[in-house]
Structures are given as C-alpha cells and as structure tokens.
Amino acid sequence: MARQMPRGTMTSNRTEIAVYDLDRTLTDTGSWAHFIRFWLRTQAPWRVLLLPLVALGGLAYALGLMSRGGIKSWSHRWLIGGRVRAADMAAVAAAFADTFVAAHALEPARAALAADAAAGRRLLIASASHGFYVRAIAARLGVADVVATEAVRDGDWLLNRLDGDNCYGAAKRVAVEQWLGRQAQGDAVVHFTSDHHSDQPCFDLALERGGRVLCVNPSNELAAIAAVRGWPVAQWGRIKGSLFERA
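Calculation notes
- Residues numbered from 1 in each chain as written.
- Predicted model: local features only at pLDDT ≥ 70, side-chain atom pairs only at ≥ 80, totals over all residues.
- Heavy atoms only, no water.
- Helix = DSSP H or I, 4+ residues; strand = E, 2+ residues; numbered from the N terminus.
- Rg over C-alpha atoms; globule rule 2.2 N^0.38 Å.
- Buried < 20%, exposed > 50% of the residue type's maximum accessible area, 1.4 Å probe, protein only.
- Areas by Shrake-Rupley, 256 points an atom, 1.4 Å probe, with all protein chains shown as cover.
- Lys, Arg positive; Asp, Glu negative; His and termini not counted.
- Charge placed at Lys NZ, Arg CZ, Asp CG, Glu CD.
- Patch = residues over 30% accessible without salt bridge, like charges linked within 9 Å, V, L, I, M, F, W, Y side chains within 5 Å.
- Salt bridge = Lys/Arg side-chain N within 4 Å of Asp/Glu carboxyl O.
- pLDDT = per-residue confidence, 0-100.
- Contact = heavy atoms within 4.5 Å.
- Pairing = 2+ DSSP bridges.
- Axes fitted to C-alpha atoms, helices over the stretch in contact; angles between N-to-C directions.
- Expected span 1.5 Å × (residues − 1).
- Right-handed = clockwise from strand over helix to strand, strands pointing away.

The protein has the name Haloacid dehalogenase in an unreviewed UniProt entry, where Sandarakinorhabdus cyanobacteriorum is given as its organism.

With that out of the way, let us pick up the overall build of the protein. Broken down by element type, the protein carries 9 helices and 9 strands. The C-alpha radius of gyration computed for the protein amounts to 18 Å, which stays within 12% of the reference 18 Å derived for 247 residues, consistent with globular compactness. Across its three principal axes, the protein shows a C-alpha extent of roughly 55 × 35 × 30 Å. Within the protein, buried positions represent 53% of all 247 residues. With an accessible surface of roughly 11,000 Å², the protein has 56% of that area assigned to carbon and sulfur atoms. Measuring between centres, the 28 positive side-chain charges of the protein sit 3 Å from its 22 negative side-chain charges.

Below, the discussion takes up a nonpolar patch on the surface. Taken together, L56, L59, L63 and L65 make up a surface patch of nonpolar side chains, about 460 Å² in accessible area. Secondary-structure assignment places L56 in helix α2 (residues 51-62).

Moving on: the confidence of the model for the protein. Here the protein averages 93 in pLDDT, while 92% of its residues score no lower than 70. Throughout residues 1-11 the model reports pLDDT below 50, and contacts reaching past four residues in sequence, or to other chains, amount to 32 contacts.

Moving on, we get to the sheet that holds strand β5 (residues 151-154). Sheet strands associate in pairs through backbone hydrogen bonding, adopting either a parallel or an antiparallel arrangement. Here we have 3 strands laid out as an open sheet, ordered β2-β6-β5, and antiparallel in their pairing. Of all strands in the sheet, those bounded by a partner on one side alone are β2 (83-85) and β5. Between one strand axis and the next, the sheet turns through 35 degrees on average, direction left out of account. Pairing of β2 with strand β6 (residues 157-162) involves 3 bridges; the strand directions are antiparallel. Bridging from a neighbouring strand, R85 pairs with W157 of β6.

Let's shift gears to the pattern of salt bridges. Inspection of the entire model under this criterion finds 14 salt bridges. The shortest N-O distance in the salt bridge between R110 and E107 comes to 3.4 Å. Of this pair, R110 and E107 both sit in helix α5 (residues 107-118), 3 residues apart, which is roughly one turn of the helix. Since its relative accessible area comes to 30%, R110 is described here as partly exposed. Of the charged contacts in the structure, one is a salt bridge between D116 and R121, with a shortest N-O distance of 2.7 Å. Residues D116 and R121 agree in their burial class; the two are buried. A single salt-bridge network, built from bridges that share partners, covers E16, D116, R121 and R212.

Our next topic: helix α4 (residues 86-104). For α4, with 19 residues, the first-to-last C-alpha span of 25 Å sits near the 27 Å given by 1.5 Å per residue. Three or more residues of α4 are buried, namely A86, M89, V92, A93, F96, A97, F100, V101 and H104. As for α4, its buried residues are in contact with α1 (32-42), β2, α5, α6 (131-140), β5 and β6.

A separate point is the pairing of strand β4 (residues 145-149). For β4, a buried count of 5 out of 5 residues is recorded, marking the element as mostly surrounded by other parts of the structure. Taken together, the 4 bridges between strand β3 (residues 122-130) and β4 define a ladder with parallel strand orientation. Note on β4: the bridge partner recorded for H130 is T149. Read from β3 through α6 to β4, the crossover connection turns out right-handed.

This part takes up the side chain of S129. Locating S129 in the fold gives a position in strand β3. In contact with S129, other than residues within four places in its own chain, are D23, S31, K72, V134, A148 and T149.

Ordered by their spatial adjacency, 6 strands build an open sheet running β4-β3-β1-β7-β8-β9, and the pairing between neighbours is parallel. With one partner strand each, in any of the chains shown, β4 and β9 (233-234) form the two edges of the open sheet.

Next up, the structure:
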C-alpha cells in the first residue's frame, strides 16, 4: 500500500509541483461541451446546423473508427471552424472562462489550490481539454502553468488539427514529464489530483517521484483502483453530466 503524505506536509527541500486535472476535478462538469455551446451562441449560431456532421464523427468514434483526438479535431472543424484567428479565440476563451469558472469551479478545489500555493508548491493544471481555453480557466483559478491538448497554429491562425497527441491517459503523463524537463524540474516532487481512472499513469508518476495522490469525485473505475491501492478519496461536490461524460 502506498504511503500518503498529508496535504500540508513538505516532503523535502526539492521543488514540489501540485498537478491537477481540470474537468470534474476542479469543476463540477466537463468544459468542452460548455465551450462549444458558448462559441455557437456568441460567435456562429448558424453552425448548430452542422451538428449532424458532428454526430457522424461521434458514431465513428463509438465504432472505433476515430480516436479521441480525431473526434476532438472533427467537432472543432464543424462547430468552431477550420481556421480561427488566435486573437479572436483568446478573447472568446477569456469571456467563456469568466462565466464557466463562476458557475462551475468547486469551492473545495479552490481551497486545495490555495493551500498548495500557500505551502510553496508550484501549481500545474494538466488537462485533455483544449489549451486555448484551459489557460483562461487556469488564470481565473490562480494557476499560471498548463499542460493541455494543443491545436496547430499557422501564424496568427488557430487550426482545428491537433498539435501532437491528445493530452489523455499515458500521453498526459508524457506531457507532464516533458513540461518538467522544460522547466528544469527533473528532480521535483510531483503530487497529483484527478477524478478519472485514465489518469493512472499520472498517479503512478506522482508516487514514483515521492509525492501524494488524491482521487476526487472519482469515477467508479478510479474508486475501485483507489480501494485496492490504498489511495485517498474525497468528494468535492456533486458532479453534473456533460457531453462525452468523463471523456
């Protein structure tokens, strides 16, 4: 059974990084469907007519003909557009984050972030959601550092294609490790908090680096893993359903 450090305990003189998942960990729902609805309402209401094309992509994903990253790029193409000016996307993301964080950020999550910051830990949000709006959400939660799924940039334009892997499962661990390398934090202690069993590689990374783990609002699968491995579990709020729930 893994030994867990209390949240407020410093483990050594090494730098400590507190890594948090976003959707249904810091928030009470997923963010992608909310962002899409915000975009359609404020930028391109006519694109709602293209929802049947998105549904076809969803069917292809369900049949194993399209990856998670593929369905993300597909829905982006039809509901947001193949090309959007990066400055325009940043402005929309900022407006979206204002309303989304106010409505859906969990108070215990805010308290946990504040406690880690007060303890001198560097905060990092690691999310499979799109970086173009995750960074805006993170800023409103007082978090400067983000690892997320990224879209290809072509000069001043943001494209619907993904720049690298969808930041999910094992790919999220790789992205966090790459971020640690870029930040010259190769020997840092890593703590990890998430709701989802797909993040087991990141839970393992934290334990390998001498950190603590916390399973909050856990999926049934994560709750089962936590019971076997002796990981602590917390419920930070009532989780609401969303499109591609727990995706």
